[in-house]
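Each chain, letter by letter, is given below.
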Amino acid sequence: MAAQKTTGDPLAAARERMVQTQLVARGIRDPKVLYAMGKVLRHLFVEEALRNQAYGDFPLPIGEQQTISQPYMVAFMTEALELLGTEKVLEIGTGCGYQAAILAELAPQVFSIERIHSLAARARRTLESLRYFNVNIKVGDGTLGWPEEAPFDGIMVTAAAPAIPKPLLDQLAPRGRLVIPVGDRYSQTLMVARQTPEGLKYDYRGGCRFVKLIGSYGWEE
Ligand code: SAM
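Values in this document were obtained by computation on a predicted structure and should not be read as measured data.

## Structural notes on the pattern of salt bridges
The tally for this structure, following the rule as stated, stands at 11 salt bridges. The salt bridge partner of Glu-105 is Lys-39, with a shortest N-O separation of 3.3 Å. Taken together, the positions of Glu-105 in helix 4 (residues 98-106) and Lys-39 in helix 2 (residues 31-39) put the pair 66 residues apart, joining distant regions of the chain.

Right under this line is the structure:
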């Protein structure tokens, strides 16, 4: 929900092409998600030498052996949260802050946890420079969630877990959704857990591959 200046943006055409050829063509339908993906300046979240590749159909390195996810995966996971525009959302794995910016376009309150100090610091700077003041980032083990701010209507984990961390399920609001890649170190299934009046319901959304979620309820370092 930040105002960004896009006039004179040399990569605006590449961003629009990304939305059409990578997202719309592959079935992303939520107009709010497509709007956010078309608006957020993804190239400003990667280092200068990679900016021309920022709208390509692949993840990119962001330092510290971590990555910014492929645009389609960002859109697919965001759509799975089914945000209406009133939610409090938690992201685990801030990375460069791009996914947090997408969430910040769709929800009034975004909390994000990153375990690597330098990435969290850079993400904070980038998000502030783009005037995303509704994102709150902390450094720590995201597998423990953010109990002081719980419950959350949506939780998104952007790193691969061996199993769903129980603290995250405990921090879901009634009817809240949790999106998380679960599997071994090499391949995972994207899972959606939903809190319903009858208890938790699980849904499987296909294969994916993420860097490891490291922490008390994740992988060992
Ligand atoms: N969402 C990010 C973005 O838009 O750039 C991409 C995230 S990257 C694929 C995964 C991130 O999860 C890495 O930055 C990694 O350091 C972080 N991570 C791994 N385990 C974590 C944990 N237990 N708590 C918080 N962050 C964690």
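## Considerations on the layout of surface pockets
Looking at the largest pocket, its volume works out to about 660 Å³. In this structure, the largest pocket is lined by 39 residues; those nearest its centre are Gln-66, Thr-67, Thr-158, Ala-159 and Val-211. When residues of the lining of the largest pocket are traced back to their parent elements, those giving at least two are strand 2 (66-68), helix 3 (71-80), strand 3 (88-92), helix 4 and strand 4 (109-114). Split into classes, the residues belonging to the lining of the largest pocket amount to 18 nonpolar, 13 polar and 8 charged.

## Quick look at the packing of helix 1 (residues 12-23) against helix 3
Following both chains from N to C, one finds helix 1 and helix 3 inclined at 70 degrees, their axes separated by 10 Å at the closest point. When the axis of helix 1 is compared with that of helix 3, the two are roughly perpendicular. In contact with Met-18, Gln-22 and Leu-23 of helix 1, helix 3 contributes Pro-71, Tyr-72 and Ala-75. Class assignment for the residues of the contact of helix 1 with helix 3 results in 5 nonpolar, 1 polar and no charged.

## Examining the environment of Ile-116
Relative to the assigned elements, Ile-116 resides in the loop between strand 4 and helix 5 (117-129). C-alpha separation for the pair Ile-116 and Arg-194, spaced 78 residues apart in sequence, amounts to 29 Å. Look past the residues within four positions of Ile-116 in its chain and what remains in contact with it is Glu-64 and Gln-66.

## Overview of the site of the ligand
Taken together, 27 residues are adjacent to the ligand, and Glu-91, Gln-99, Glu-114, Gly-142 and Ile-214 come closest. The side chain of Asp-141 places a nitrogen or oxygen atom 3.0 Å from a nitrogen atom of the ligand. Between the ligand and Thr-158, the relevant distance is 3.2 Å, taken from a nitrogen atom to a side-chain nitrogen or oxygen of the residue. For the ligand, whose unbound accessible area comes to 600 Å², protein coverage reaches 99%. Put simply, the ligand lies in the largest pocket. Taken together, the elements giving at least two residues each to the shell around the ligand come down to strand 2, strand 3, helix 4 and strand 4. The element that contributes the greatest number of residues to the shell around the ligand is strand 2, accounting for 3 residues. Within the shell around the ligand, the residues separate by chemical class into 11 nonpolar, 11 polar and 5 charged.

## Points about helix 3
Counting buried positions along helix 3 yields 9 of 10 residues, so the element is predominantly enclosed. If you check which residues of helix 3 are buried, you get Pro-71, Tyr-72, Met-73, Val-74, Ala-75, Phe-76, Met-77, Thr-78 and Ala-80. Following helix 3 by one or two positions, Glu-82 adopts a phi angle in the positive range, close to 50 degrees.

Parameters and conventions
Throughout, a residue's number is its position along its own chain's written sequence, starting from 1. Thresholds applied to this predicted model are a pLDDT of at least 70 for local features of residues and 80 or more for the giving and counting of side-chain atom pairs; totals over whole chains, interfaces and linings are not thresholded and use all residues. Hydrogens and water are ignored here; the side-chain numbers use all heavy atoms of the structure. A pair is scored as a salt bridge if a Lys or Arg side-chain nitrogen falls within 4 Å of a carboxyl oxygen belonging to Asp or Glu. Helix and strand assignments come from DSSP, with helices taken as H or I runs of at least 4 residues and strands as E runs of at least 2, each series counted from the N terminus. Here a cavity means grid points, on a 1 Å grid over the protein atoms only, where a 1.4 Å probe fits yet cannot get out; a pocket means an open set of points with protein on both sides within 12 Å along at least five of seven lines; lining residues are those with an atom within 4 Å of a point. Grid points are joined across faces, edges and corners, and a volume is the space filled by probe spheres set on the points. Residues are grouped as follows: Ala, Val, Leu, Ile, Met, Phe, Trp, Tyr, Cys and Pro are nonpolar; Asp, Glu, Lys and Arg are charged; all remaining types, including Gly, are polar. The axes are straight lines fitted to the C-alpha atoms, using for helices just the contacting stretch, and the angles between their N-to-C directions are given from 0 to 180°. For classification purposes, angles smaller than 35 degrees are called roughly parallel, those larger than 145 roughly antiparallel, those between 65 and 115 roughly perpendicular, and all remaining angles oblique. Contact between two residues is taken to exist if any of their heavy atoms lie within 4.5 Å; hydrogens are not considered. Proximity criterion: a residue is near a molecule or strand once any of its heavy atoms comes within 4 Å of it. A 3.5 Å cut-off defines polar contacts: any pair of N or O atoms within that distance qualifies, except that in protein one atom must be a possible hydrogen donor and the other a possible acceptor, and neighbouring residues in sequence count only when both atoms are side-chain atoms. For the accessible areas, the method is Shrake-Rupley and the probe is 1.4 Å, while residue cover comes only from the protein chains on display. A pocket or cavity is taken to hold a molecule when more than half of that molecule's atoms are within 2 Å of the pocket's grid points. Think of it in three bands: with a 1.4 Å probe and only protein chains considered, a residue is buried below 20% of the maximum accessible area for its type, exposed above 50%, and partly exposed in between.

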